[in-house]
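What follows is the residue order along each chain.
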Amino acid sequence: MQNKGITYLDHAATTMYPESLIRDYFQDISRNVYGNPHSHNPSSRLTHDTVERVRYRVLQHFNATPEEYSVIFTSGCTATLKLVAESFPWRPQTESEAGSLFCYLTDSHTSVVGIRGLTSSRGVVALPVSPQEVENRAKDEAQGEDVICQTPHLFCYPAQSNFSGRKYPLSHVKGIQARRLYPACGRRGRWFVLLDAASHISCAPLNLQECPADFIPISFYKMFGFPTGLGALLVRNNAAGILKKTYFGGGTAAAYLSGEDYYVQVANISDRFEDGTVSFLDIIALNHGFEALYRITGGMHNIQLHTFGLARYTYMVLSSLCHGNGRPVAQIYTEGQFESPSTQGAILNFNLKDSHGQIIGYSQVDRMASLYDIHVRTGCFCNTGACQSFLGITNQQMRRNLQAGHVCGDSIDLVDGQPTGSVRISFGYMSTFEDCQKFLNFVAECFVEKPVTVDQVRLEKLKTATATSQRLNEEIKITNGGICKVDEKEKPAEASLRGFGHRDSHSHREAYTLTNIYIYPIKSCGAYEVHDWPVGPLGLLYDRSWMVVNGNGVCLSQKREPRLCLIRPQVRLPSNKLLLQASGMDTISVPLENSAEMHTSYRECQSKVCGDRVETVDCGDEAASWLSEFLGQPCRLIRQSPDFTRDMKKRPSGAATSTSLSLVNEAQYLMISRASVELIQKLMSSRQDDSEGDQLLDTQNVISRFRANLVIAGVEPFEEDNWSHLIIGNTRFVVAGQCRRCQMIGVDQETGTKTKEPLMSLSAFRNGKVTFGVYLTHQQPESSTTASVLSVGSLIQPELHSS
């Protein structure tokens, strides 16, 4: 889906809502008065009747009737699963009885696996089951209903994997209920099936006549994009009676006494489990969601064919794409080869590889995709089981990754060269063939060593694997020509650059010198260049001591507001002032150090920097008004509280003590070398023919975009990546790691406009790896009694990493 230049490929997380849905919904709630359905006045009756109509519409969509199923509205799919877990009549194991089993497919969402947290506390055994075991260990014949043993068991599995898009047979429902399939065939009792349909129903029909699961959790934003925070449990009426509630809230009780333990639940299944007042305005929006869906698409069958065709086309081309040396570009995680929409959904999961066959971390791909306004999803997608299976990560490796600092949702994409997650793209009914083309050309441009090639043998094999439309085959042929055209012949200038970064150990070493010092008093605002500057306890004195937040108190960066770079702060040490300057604005000042009176008058507040909570102090209304006028939105200037200490998340190797930070993202200093910048600038010049008409950047412009504190000269390109320590003057620095560059370096620091350079050239040169510059932390000599001062022209003494 392309909207305002965006290519949205994350429909498995949430799809996009059509304008007509929002328009019709707001017309509805503006023309009608909807009251609380627990009252009996006319507006309340209207709400009650409309909600009941929506319940019927939901069942109709899944080919079910109110006599067979009930709809219980919840706040989402996770809340639905929690409701089943808390209400299911688990029987603990005893000496005379085996007790209940909670069984789940290993390719299940975290919210399903999380049920075992509740069952384990009740003495119930949790049994993970691999997809292969379900049928491989099945019985030849159904075991039938066990009339003697009525111990309840629950088997959970996804209709579609949210990791790979694999569709599991819906026939598993009846197979488990009839005790033919494993694990039901090996355990007596009454077996119930929870079918996690959240991923499946976004792009495929679900017929409950064919798979009468007992419990079906769904999320509506997966189908319509709006409203969010609304899900439902479809519960088979024959199974609803086993669910037992302990808590009763408003509307769920037919009668109760407050003075003694007496409570009678309501007879209606939906009312019994919907605690309090349902989100009735959101439920009313579902009516317009169904209207829009069928009006635009004609139904779920059409959506399934359309989205599968797009996913299959992308799979065929991506899996055939090769580097110039013939190595494949992608490692795709799938069970089959996208043969049929009945076995594969509109999800494509993969990792990209460089020309040497090494995995490119998913964070690198995500950063580059954001630069191209392509929206993807990365990580393990709340599905650790599938992630481990496809990526070959053992339980021991998972524990080691955690010890290495990797947790769910972070950007640590490689540990010891092995991936911790992958990249996922997914399609919705508004996705187009142009979305596929833009994504594939993005991969070819940024991650493929030129010339781009296609494995024609594999491609032809995939094209003939199943009967597909002639139109699809023609599109592949046309698109291959477009992809191969990208940098088809390697430019001599680019080839000549490949030798940079590898230094002859016997070559002459120039003296390493410090050529520039920059401080950034206000985070994400313009640089202030100095010749000499004191080193404070948190880094360069007053570097990133202030930041700008929006009206909701959220930190603004150039990613959200590129015009921040046009604000030019200056620090005047003698007069104790921070000057705020910008073109067309009067200069104002705020004090560098607040007096006791000012400190008590300014309000304290909390914010977040790089995920860390920081205590801050507001700098007053004058600065807020100045920023709000210039940026055109409500803003305030805040500074880090002098009483607050924030430490680096990971202590760098060789650092004796923890390191305190200002409002920087990761470390006290960022250092870059001129030689590395000049290499990137030359590469950009060689690619100018492929640019979008952007003016060629000079070296100083490129330096300003990388926003370093320290710029050095006399180094071979990227040699600084191998340093472990360095000394400037009388200050010793520890190299804390490389800086992973984001799309912020695409902001011209002189004009505030965005381009794709230099990130695109950096990615092309380093095969998608966009680290540039190194983080430093300082180590003050213990014998020193005076504050350190850094000066331009100082000699630098580096130390290499030990082998």
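Scroll up to find the structure.
Per chain, the residues get numbers from 1 upward, laid out in the order the sequence is written. Local features in a predicted model are, by the rule used here, given only for residues with pLDDT of at least 70; side-chain atom pairs are given and counted only at 80 or more, and totals for whole chains, interfaces and linings are based on all residues. As a rule here, side-chain values cover all heavy atoms of the structure and leave hydrogens and water aside.

**Remarks on the overall build of the protein**
Okay, step 1: Per the convention used, a helix needs a DSSP run of H or I reaching at least four residues, while a strand needs a run of E reaching at least two, with both numbered from the N terminus. Helix and strand content of the protein: 24 helices and 38 strands.
Okay, step 2: Whether a residue is buried, partly exposed or exposed follows from its accessible area with a 1.4 Å probe, protein chains only, as a fraction of its type maximum: under 20%, in between, or over 50%, in that order. For the protein, with 803 residues in total, the buried portion stands at 54%.
Okay, step 3: Only heavy atoms enter the contact rule, under which two residues are in contact if any of them lie within 4.5 Å. Here the contacts in the protein between residues at least 6 apart in sequence split such that 73% fall between residues at least 24 apart.

**Remarks on the packing of aromatic side chains**
Okay, step 1: Note on ring pairs: Phe, Tyr and Trp rings are taken, using the six-membered ring of Trp, and paired if centres are within 6.5 Å. Classes follow the plane angle, with under 30 degrees stacked, over 60 edge-to-face and the rest tilted. The tally for this structure, following the rule as stated, stands at 29 aromatic pairs.
Okay, step 2: Aromatic side chains F163 and F381 sit 5.5 Å apart centroid to centroid with 65 degrees between the ring planes, which places their arrangement in the edge-to-face category. On the criterion of sequence distance, the pair formed by F163 in the loop between β6 (152-158) and α7 (172-177) and F381 in the loop between β16 (377-379) and α14 (384-391) is long-range, its members being 218 residues apart.
Okay, step 3: Residue classification places F381 among the buried residues on the basis of a relative accessible area of 3%.
Okay, step 4: With centroids separated by 5.3 Å and ring planes inclined at 70 degrees, the aromatic side chains of Y512 and W723 adopt a geometry described as edge-to-face. With Y512 in the loop between α19 (492-496) and β21 (513-519) and W723 in strand β34 (residues 723-728), the pair connects residues that are 211 residues apart, well separated along the chain.
Okay, step 5: Residue classification places W723 among the buried positions, given a relative accessible area of 1%.
Okay, step 6: Taken together, F88, W90, F102, Y104, F192 and F215 form an aromatic cluster joined through their ring pairs.
Okay, step 7: Two conditions define a charge located above a ring, namely a distance within 6 Å from the ring centre to NZ of Lys or CZ of Arg, and an angle within 35 degrees of the ring normal. We note R137 situated over the ring of Y182; from NZ or CZ to the ring centre the distance is 4.0 Å.

**Some thoughts on the packing of helix α2 (residues 42-61) against helix α11 (residues 280-297)**
Okay, step 1: Packing of α2 against α11 brings their axes to within 9 Å, and their N-to-C directions diverge by 45 degrees. It follows that α2 is oblique to α11 by the angle criterion. Here the hand of the crossing between α2 and α11 comes out left-handed. Residues T47, T50, V51, V54, R57, V58 and H61 of α2 form the contact with α11, whose participating residues are F280, I283, I284, L286, N287, F290, E291, L293 and Y294.
Okay, step 2: Of the residues belonging to the contact of α2 with α11, the class tally is 10 nonpolar, four polar and two charged. Angles shown run from 0 to 180 degrees and are taken between the N-to-C directions of axes, each axis being a line fitted to C-alpha atoms and, for helices, limited to the stretch in contact. By definition in this entry, angles of less than 35 degrees are roughly parallel, angles greater than 145 are roughly antiparallel, angles of 65 to 115 are roughly perpendicular, and the rest are oblique. Two helices crossing with the near one rotated counterclockwise from the far one by less than a right angle form a left-handed crossing, whereas a clockwise rotation gives a right-handed crossing. Think of it as three bins: nonpolar holds Ala, Val, Leu, Ile, Met, Phe, Trp, Tyr, Cys and Pro, charged holds Asp, Glu, Lys and Arg, and polar takes everything else, Gly as well.

**Structural notes on the state of the cysteines**
Okay, step 1: The rule for a disulfide is simple: a pair of cysteine sulfur atoms within 2.5 Å. According to the stated counting rule, one finds one disulfide in the structure shown.
Okay, step 2: The side chain of C380 participates in a disulfide bridge whose partner is C387; the two sulfur atoms lie 2.0 Å from each other. Torsion about the S-S bond of the C380 and C387 cystine: about -50 degrees, corresponding to left-handed handedness.

**What to know about the pattern of salt bridges**
Okay, step 1: Each salt bridge in this description consists of a side-chain nitrogen of Lys or Arg and a carboxyl oxygen of Asp or Glu lying within 4 Å of one another. Applying the stated rule across the entire model yields 19 salt bridges.
Okay, step 2: The shortest N-O distance in the salt bridge between E133 and R137 comes to 2.8 Å.
Okay, step 3: By relative accessible area, R137 is classed as partly exposed at 42%.
Okay, step 4: Among the salt bridges present, the one from R236 reaches D214, with a minimum N-O distance of 2.5 Å. A residue pair is termed long-range when its members are at least 10 positions apart, and R236 in strand β9 (residues 231-236) and D214 in the loop between β7 (190-196) and β8 (215-219) qualify at 22 residues.
Okay, step 5: The buried category is assigned to D214, whose relative accessible area is 0%.
Okay, step 6: One continuous salt-bridge network, built from bridges that share partners, spans E52, R55 and E274.

**Some words on the packing of helix α12 (residues 300-320) against helix α16 (residues 433-447)**
Okay, step 1: It is at 10 Å that the axes of α12 and α16 come closest, and there the two elements cross at 20 degrees. Considering the angle they form, α12 stands roughly parallel to α16. Crossing of α12 over α16 shows right-handed handedness. Along the contact surface, α12 presents L310, Y313, T314, V317 and L318, while α16 presents F433, C436, Q437, F439, L440 and V443.
Okay, step 2: Taken together, the residues that form the contact of α12 with α16 break down as nine nonpolar, two polar and no charged.

**Focus on the nonpolar core**
Okay, step 1: Residues grouped as a nonpolar core are buried Ala, Val, Leu, Ile, Met, Phe, Trp, Tyr and Cys residues, joined through side-chain atoms within 4.5 Å. Counting residues in hydrophobic clusters, the biggest one holds 73 residues, and the most contacted among them are L318, F350, L352, M368, F439, F442 and V443.
Okay, step 2: Setting aside residues up to four positions removed in sequence, L352 forms contacts with L318, V329, A330, Q358, I359, I360, V365, V443 and F447.

**Some points on the sheet that holds β34**
Okay, step 1: Note: two strands are recorded as paired if DSSP finds a minimum of 2 bridges between them. Spatial strand order, β22-β21-β33-β32-β36-β35-β34-β38: eight strands in an open sheet with mixed pairing. Of all the strands in the sheet, the pair left with one neighbour each is β22 (528-530) and β38 (796-800). Taken pair by pair, the neighbouring strands of this sheet meet at an average axis angle of 30 degrees, ignoring direction.
Okay, step 2: Pairing geometry for strand β32 (residues 669-673) and strand β33 (residues 710-713), over three bridges, is parallel. Looking at β33, one finds that S673 is bridged to I712.

**Quick look at the sheet that holds strand β27 (residues 577-580)**
Okay, step 1: Spatial strand order, β26-β27-β28: three strands in an open sheet with antiparallel pairing. Here the strands that pair on one side only, and so sit at the sheet edges, are β26 (570-572) and β28 (588-591). Neighbour-to-neighbour, the strand axes of the sheet open up by a mean angle of 30 degrees, direction not taken into account.
Okay, step 2: Examined bridge by bridge, β27 and β28 share four bridges and lie antiparallel to one another. Its bridge partner lying in β28, L579 is registered against S589.
Okay, step 3: Those strands touched by helix α21 (residues 621-631) are β27 and β28, and its axis lies near 140 degrees from that of β28.

**Description of the environment of A267**
Okay, step 1: Within the secondary structure, A267 sits in the loop between β11 (262-265) and α10 (269-273).
Okay, step 2: Distance from A267 to A254, taken between C-alpha atoms, is 7.8 Å for residues 13 residues apart in sequence.

**Observations concerning α12**
Okay, step 1: Helices are assigned an expected span. That span is 1.5 Å times one less than the residue count. Compared with the 30 Å implied by 1.5 Å per residue over 21 residues, the 30 Å span of α12 between its first and last C-alpha is a close match.
Okay, step 2: Counting buried positions along α12 gives 16 out of 21 residues, so the element sits mostly inside the fold.

**Brief notes about empty space enclosed by the protein**
Okay, step 1: Cavities and pockets were defined on a 1 Å grid built over protein atoms only: a cavity is a set of grid points that admits a 1.4 Å probe from which the probe cannot escape, a pocket is an open set flanked by protein on both sides within 12 Å along at least five of seven lines, and lining residues are those with an atom within 4 Å of any such point. Grid points are joined across faces, edges and corners, and a volume is the space filled by probe spheres set on the points. Applying the stated rule across the entire model yields four cavities of 30 Å³ or more.
Okay, step 2: Looking at the second largest cavity, it is lined by 16 residues, and the ones nearest its centre are Q160, S199, S202, C203 and F427.
Okay, step 3: When grouped by side-chain class, the residues that make up the lining of the second largest cavity number six nonpolar, eight polar and two charged.

**Remarks on unusual backbone geometry**
Most peptide bonds take the trans form, and the phi angle of most residues other than glycine is negative.
Okay, step 1: Of note, the amide linkage connecting F226 to P227 takes the cis form, showing an omega dihedral of 0 degrees.
Okay, step 2: Within the fold, P227 resides in the loop between α8 (221-224) and β9.
Okay, step 3: Positive phi, normally seen in glycine, also occurs at N63, with a value near 55 degrees.

**Describing the side chain of S199**
Okay, step 1: Tracing the backbone shows S199 in the loop between β7 and β8.
Okay, step 2: Once residues lying within four places of it in the same chain are set aside, the contact partners of S199 are Q160, S161, N162 and I347.

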